[in-house]
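Structure assessment
Okay, here's what each chain looks like letter by letter:
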Amino acid sequence: MRKTAETEGALETRGIEQVPDHERTARTRELFPTWVGANISVLLLTMGASLVVAYHLDLWQALIVAIAAPVVSYGLVGLIGIAGKRGGAPGMALSRAVFGQRGNLLPGSLIWVARWGWETINAVTGAYAVLTILKVLFGVRAGAVLDMVMLLAFVAATFAISGLGINAVQECNKYATFLFGAFSVLVLGYLVVDTDWSKVFDRPAGTTAAVITGIGMIAAGGVSWIPSAPDFTRYLPRTASSKAIVGTSVGGAGIVVLPMVLMGAVMAVATPDLASASDPVSFLGEILPTWIAVPYLLIALIGMLLINAMSMYSAGFTAQTLGFKVPRHWAVSVNAVISLAFGGVLMLAATSFMGSFIAFLSLLAVAFSAWVGVFGADMLRRREYDGAAMADTSRTSAYWYRGGFSPAAVASWAIGLGSGLMFTTSDWFTGPLARGNVIGEYGLGWVATVVISGLLYVVLPKPPVATPAPAQDPAGALPGQRNAAPESLAV
């Protein structure tokens with residue numbers, strides 16, 4: 001991203017207010033390393049292995065999953081990202097135009113809480129990566145104290161990167177992309193030479209239901225990024241290609257997801273007990289030689305830091321839209337503390353990481369999908385967003401609607417969310433409609449959530465689309481907005 005008046009230097013100072021046109025000089029190709037970086041995680045290896053261990057798929061079925069999952073999930077990321085170039089604001093700020101100033105607090109709160117879990121999972125995985133490196137190099141055994149020290153170090157580093165802002169995140173993503181790509185090729189080459197391929201290809205095929213469920217499991221990670229997509233496209237000019245936004249989103253994610261899921265599926269031949277493991281990373285130290293395992297884990301550790309930095313970066317905006325009157329980088333600190341607390345509980349108390357992780361993913365996808373269905377359907381009728389109305393949280397806002405709520409959006413979101421949960425199965429929760437039907441059997445609760453919430457919003461009567469202020473003046477202020485204080489600016 002090119003530096004602008006508001007992003008010059010290391011610390012980004014822009015909050016959730018609309019980016020003025022004269023600062024929107026980013027290019028769509030810069031999204032490619034962003035979504036590459038968002039997937040540099042050894043969890044993809046673990047999930048690829050679980051396709052074989054837990055879902056009993058063969059290699060060809062794992063290939064189908066690895067291709068379909070990023071196309072589905074990051075296709076939606078790209079489509080929702082188009083709203084960022086239209087409105088020049090973070091996703092949950094644009095969401096005010098759909099749900100109303102008060103109504104937006106409902107999906108915003110749920111998405112914010114769901115991010116706690118995602119950031120906790122990544123923080124724990126990063127801590128385990130460091131512990132695995134220490135064990136491989138120095139024979140250090142993990143313990144409660146060391147676990148907490150590594151978790152604290154990971155969360156602190158995440159906070160430092162995300163607090164700096166989008167320039168720091170995207171710059172780090174560029175270098176991590178090249179390093180991780182090079183070492184992934186090295187790992188792939190080692191597996192090609194060292195793997196007993198007869199065992200890999202002799203595995204029986206799994207069921208169609210397991211394939212579709214596997215697609216949903218892998219796609220859930222991408223679904224969690226959908227509400228954040230406009231956060232990374234809001235600096236694009238209004239004339240940016242929508243096709244390019246979708247293409248770079250799918251391409252950036254797919255180039256990582258495809259090989260890593262397949263490598264995990266191949267590695268699973270040597271790790272049949274992975275599904276019950278309390279640690280999702282240590283198996284790499286057993287499968288790969290030290291000279292590959294250590295640098296690969298170090299680079300993957302950087303990737304996981306960037307993933308959590310991106311998530312916390314977006315979480316800071318979400319916190320601001322919920323009414324936290326603090327600068328963005330201080331809003332980020334709230335999520336950092338929460339992920340530290342929850343991560344400690346997971347590392348000390350969980351007996352099966354993969355079981356907890358898969359259960360979390362199934363619920364995470366539903367939590368995000370209700371918002372996706374409504375917001376995506378609204379994009380079909382809305383081409384612009386009123387920056388002044390988004391910033392105005394009083395009754396005078398064009399996005400106040402009825403008492404601060406858009407009844408159609410809120411009702412569609414709530415009904416879609418409830419319906420999706422009824423069809424969802426996990427170790428933590430099983431809905432009453434999750435058995436005896438294709439939706440529940442195939443793990444399509446999150447898909448049902450998107451469809452139901454979207455269709456309801458289309459058919460329900462909605463308030464008219466507010467007409468945005470005509471244009472921004474040379475100073476970048478919207479008419480009527482110059483004298484209004486920005487809602488939450490970093491200083």
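Bear in mind the structure is a predicted one, so any value in this text is a computation, not a measurement.

Description of the confidence of the model for the chain
Chain-level pLDDT for the chain is 84 on average; 88% of the residues reach the 70-or-more range. When pLDDT is averaged over each helix and strand of the chain, the minimum, 77, is found for helix α14 (residues 328-349) and the maximum, 97, for helix α3 (residues 59-87). Note that pLDDT drops below 50 for residues 1-10; the model gives that stretch 25 contacts with residues more than four away or on any other chain. This stretch, residues 471-491, has a pLDDT under 50; its non-local contacts, to residues over four places away or in other chains, come to 49 contacts.

Notes on the nonpolar core
W35, L45, M267, W371, F375 and Y385 are the most contacted members of the largest nonpolar core, which totals 139 residues. At 17 residues, the largest contribution of residues to this core is made by helix α13 (residues 290-321). Among all residues touching F375, those that are not within four sequence positions of it are I80, A83, G91, L94, S95, V98 and Y385.

Quick word on the packing of aromatic side chains
Ring pairs (aromatic) are described by centroid distance and by the angle formed between their planes. Evaluated as defined, the whole model comprises 10 aromatic pairs. Ring geometry for W371 versus F375: centroids 4.5 Å apart, planes at 15°, classification stacked. With W371 and F375 both in helix α15 (residues 353-379), this residue pair falls 4 residues apart, about one helical turn. Judged on exposure class, the residue W371 and its partner F375 are both buried. Through a chain of ring-to-ring contacts, the aromatic side chains of W35, Y74, W225 and F232 assemble into a single cluster. Of note, K462 hangs over the ring of Y457, and the distance from its end group to the ring centre comes to 5.1 Å.

Some thoughts on helix α17 (residues 407-422)
Relative to the 22 Å expected for 16 residues at 1.5 Å per residue, α17 spans 22 Å between its end C-alpha atoms, a close match to the ideal helical length. When we look at burial in α17, the residues that qualify are A408, A409, V410, S412, W413, G416, L417, S419 and G420.

Some words on the packing of helix α6 (residues 105-138) against α13
Orientation of α6 relative to α13, taken along the N-to-C sense of each, is 160°, at an axis distance of 9 Å. In terms of axis orientation, α6 runs roughly antiparallel to α13. α6 and α13 meet at a crossing whose hand is left-handed. For the contact of α6 with α13, the per-class residue count stands at 18 nonpolar, 11 polar and 2 charged.

Here is what the cut-offs are and how they apply
- Residues numbered from 1 in each chain as written.
- Predicted model: local features only at pLDDT ≥ 70, side-chain atom pairs only at ≥ 80, totals over all residues.
- Heavy atoms only, no water.
- pLDDT = per-residue confidence, 0-100.
- Helix = DSSP H or I, 4+ residues; strand = E, 2+ residues; numbered from the N terminus.
- Contact = heavy atoms within 4.5 Å.
- Core = buried A, V, L, I, M, F, W, Y, C linked by side-chain atoms within 4.5 Å.
- Buried < 20%, exposed > 50% of the residue type's maximum accessible area, 1.4 Å probe, protein only.
- Phe/Tyr/Trp six-rings, centres within 6.5 Å; stacked < 30°, edge-to-face > 60°.
- Lys NZ or Arg CZ within 6 Å of the ring centre and 35° of its normal.
- Expected span 1.5 Å × (residues − 1).
- Axes fitted to C-alpha atoms, helices over the stretch in contact; angles between N-to-C directions.
- Parallel < 35°, antiparallel > 145°, perpendicular 65-115°, else oblique.
- Left-handed = near helix turned anticlockwise from the far one by under 90°.
- Nonpolar A, V, L, I, M, F, W, Y, C, P; charged D, E, K, R; others polar.

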